[in-house]
Amino acid sequence: MDITCFNDLLQAARQQPEPQRLLFVFASSGVPDDATAAQKASHARGEGGELTPLLCVDKTPAEITDFAALVQESRQTGQDWQVVFVAAMADQTAFLPDNKDVDQAFQRMTQMIKYGTIGSLLAFDRQGDPLMFGAA
């Protein structure tokens, strides 16, 4: 199944034979303090910049009605994010009450974001539109 929007992601997760857990890493976009004027101008046009992970949340597909509900819930954190990265994994919480696999997955995801190796993650903007990242 092609994932072309957030609802496709939810539908795919709900159709898996094993229960799924969706992992969300919300990230902000910015430029470093020593950025050049050209880099700052590029970022102001919505191009380039650095992504900084801000917040990690895991949910089952049943806990999410749609993207708008996820955005509304994220507002309660007070974090200003521009991109949410998503990965899915089999939900082992029934077997592992303090699911260390989720923590390890979040660590991997945040490292991937910091190093720009995000090709295997789904990404959505604040409107729920999928994002594609090109090479720098």
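Keep in mind it's a predicted model, so treat the numbers as computed, not measured.

### Section: the overall build of the chain
Here comes step 1: Within the chain, the secondary structure is distributed over four helices and four strands.
Here comes step 2: Sequence-ordered secondary structure for the chain, helices as α and strands as β, is α-β-α-β-α-β-α-β.
Here comes step 3: Since a compact globule built from 136 residues should have a radius of gyration of about 14 Å, the 16 Å found for the chain is in line with a globular shape.
Here comes step 4: Principal axes of the C-alpha set define a box for the chain whose edges measure 50 × 30 × 30 Å.

### Side note on the packing of aromatic side chains
Here comes step 1: Within the structure shown, the criterion is met by six aromatic pairs.
Here comes step 2: Here the aromatic rings of Phe6 and Phe24 are separated by 6.2 Å at their centres, their planes lie at 35°, and the arrangement is tilted. A residue pair is termed long-range when its members are at least 10 positions apart, and Phe6 in helix 1 (residues 6-15) and Phe24 in strand 1 (residues 20-30) qualify at 18 residues. Grouping residues by exposure puts Phe6 and Phe24 together as buried.

### Observations concerning the sheet that holds strand 1
Here comes step 1: Strands sit in the order 2-1-3-4 across an open sheet of four strands; the sheet is antiparallel. Across the chains shown, the open sheet's two edge strands, defined by having one partner strand only, are strand 2 (50-59) and strand 4 (122-125). With direction set aside, neighbouring strand axes in the sheet form an average angle of 25°.
Here comes step 2: By the bridge criterion, nine bridges tie strand 1 to strand 2 in an arrangement that is antiparallel.

### A look at the nonpolar core
Here comes step 1: Within the largest apolar cluster, 16 residues are counted, with the highest numbers of intra-cluster contacts made by Leu23, Phe85, Phe106, Met109, Ile113 and Leu121.
Here comes step 2: Of all elements in the fold, only strand 1, strand 3 (83-90) and helix 4 (100-115) reach the threshold of two or more residues within this core.
Here comes step 3: Among the elements that line this core, the one with the most residues is helix 4, at six residues.
Here comes step 4: Apart from the residues lying within four places of it in its own chain, the contact partners of Phe106 are Leu23, Phe24, Val25, Cys56, Val57 and Asp58.

### Details of the pairing of strand 3
For a regular strand, the rule is simple: side chains alternate between the two faces of the sheet.
Here comes step 1: Counting buried positions over the eight residues of strand 3 gives six, a clear majority of the element.
Here comes step 2: Here strand 1 pairs with strand 3 via eight bridges, running antiparallel. Its bridge partner lying in strand 3, Arg21 is registered against Met89.
Here comes step 3: Inspection of the sheet shows strand 3 paired to strand 4 by four bridges, in the antiparallel sense.

Thresholds applied
Residues numbered from 1 in each chain as written. Predicted model: local features only at pLDDT ≥ 70, side-chain atom pairs only at ≥ 80, totals over all residues. Heavy atoms only, no water. Helix = DSSP H or I, 4+ residues; strand = E, 2+ residues; numbered from the N terminus. Rg over C-alpha atoms; globule rule 2.2 N^0.38 Å. Phe/Tyr/Trp six-rings, centres within 6.5 Å; stacked < 30°, edge-to-face > 60°. Buried < 20%, exposed > 50% of the residue type's maximum accessible area, 1.4 Å probe, protein only. Pairing = 2+ DSSP bridges. Axes fitted to C-alpha atoms, helices over the stretch in contact; angles between N-to-C directions. Core = buried A, V, L, I, M, F, W, Y, C linked by side-chain atoms within 4.5 Å. Contact = heavy atoms within 4.5 Å.

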